[in-house]
Amino acid sequence: TDVNFNVAGKFGNAGEFNGSTSSILLPNTMFNTAGVLSVSVWFKTTEANGYGIVLANRYGTHTFFIELYPNGTLQAGNWAGGTYNISTTSTVNDGNWHHYAYVNNSGAISVYLDGVLENTGTQTFLSQTIANGNQIGNYDVSNSEAFDGQIDQMRIFDSALNASQVTQLYEE
């Protein structure tokens with residue numbers, strides 16, 4: 001809802017999210033619950049004052065989120081917070097297109113930014129069954145963490161991508 005698809009994207013058109021009410025609802029059964037998956041996405045934002053959910057998975061046994069943080073980094077978290085969040089080291093809120101890849105290989109997490117491995121870590125995942133909890137650009141609790149910017153070419157894989165596969169997605 002409230003996503004403008006008539007804006008130039010990295011490839012063709014992108015979804016423009018307004019930072020308050022925009023979101024794309026995904027099916028509850030969308031994500032691999034075995035704990036092995038990858039997400040690839042192009043995005044751009046200038047948001048400097050708040051949080052912005054790029055992707056929320058809140059239904060299943062391995063729930064997670066990808067979110068812009070106020071310090072300008074992207075964090076992959078698992079709703080438990082604290083040390084379970086794995087952040088990029090570079091800031092991404094400069095108004096340029098960036099490619100981000102999140103790879104979960106049974107709890108071993110790798111995050112890539114613009115084709116380069118930025119950080120690794122481990123996560124323990126929580127089981128949640130929140131109806132309508134899988135969304136692009138927002139999540140079900142409130143609009144206070146809605147994404148403000150553009151999202152393009154989000155892809156979700158039921159496998160753990162390797163570094164050369166991530167590079168290939170970045171270079172296409």
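Cut-off values and rules
- Residues numbered from 1 in each chain as written.
- Predicted model: local features only at pLDDT ≥ 70, side-chain atom pairs only at ≥ 80, totals over all residues.
- Heavy atoms only, no water.
- Pairing = 2+ DSSP bridges.
- Helix = DSSP H or I, 4+ residues; strand = E, 2+ residues; numbered from the N terminus.
- Buried < 20%, exposed > 50% of the residue type's maximum accessible area, 1.4 Å probe, protein only.
- Polar contact = N/O pair within 3.5 Å; in protein donor to acceptor, adjacent residues only side chain to side chain.
- Phe/Tyr/Trp six-rings, centres within 6.5 Å; stacked < 30°, edge-to-face > 60°.

1. As for the pairing of strand β2 (residues 13–18)
Note on strand geometry: in a regular strand, side chains alternate between the two faces of the sheet. Both strand β1 (residues 4–8) and β2 contribute to a ladder of 3 bridges, which runs antiparallel. Bridge assignment links A8 to a residue of β2, and that residue is N13. Connecting β1 to the next strand, β2, in antiparallel fashion are 4 residues, including G12 with a positive phi near 65°. Bridge analysis of β2 against strand β14 (residues 148–157) gives 4 bridges, and the strand direction is antiparallel. Considered in β14, the bridge of E16 is made with Q150.

2. Looking at the pairing of strand β9 (residues 98–105)
Taken across its 8 residues, β9 has 7 buried, putting it largely inside the fold. Where strand β4 (residues 36–44) and β9 come together, 8 bridges link them in antiparallel fashion. Bridge pairing in β9 places V36 opposite N105. Where β9 lies against strand β10 (residues 108–113), 6 bridges are found, and the strand directions are antiparallel. Pairing of V103 across the sheet is with S110, part of β10. Adjacent in sequence and paired antiparallel, β9 and β10 are bridged by 2 residues, among which S106 carries a positive phi angle near 60°.

3. A word on the environment of S164
Along the polypeptide, S164 turns up in helix α1 (residues 163–171). Distance in space between the C-alpha atoms of S164 and G137 is 27 Å, their sequence separation being 27 residues. Engagement of the side chain of S164 in a polar contact is seen with the side chain of N162, the distance being 2.8 Å.

4. Examining the packing of aromatic side chains
Tallied over the entire structure, the rule returns 5 aromatic pairs. Ring geometry for F11 and W42: centres 6.1 Å apart, planes at 75°, overall edge-to-face. In this pair, F11 is assigned in the loop between β1 and β2 and W42 in strand β4, connecting sequence segments 31 residues apart. On the accessibility criterion, F11 (27% relative accessible area) is partly exposed. Using a relative accessible area of 3% as the deciding quantity, one classes W42 as buried.

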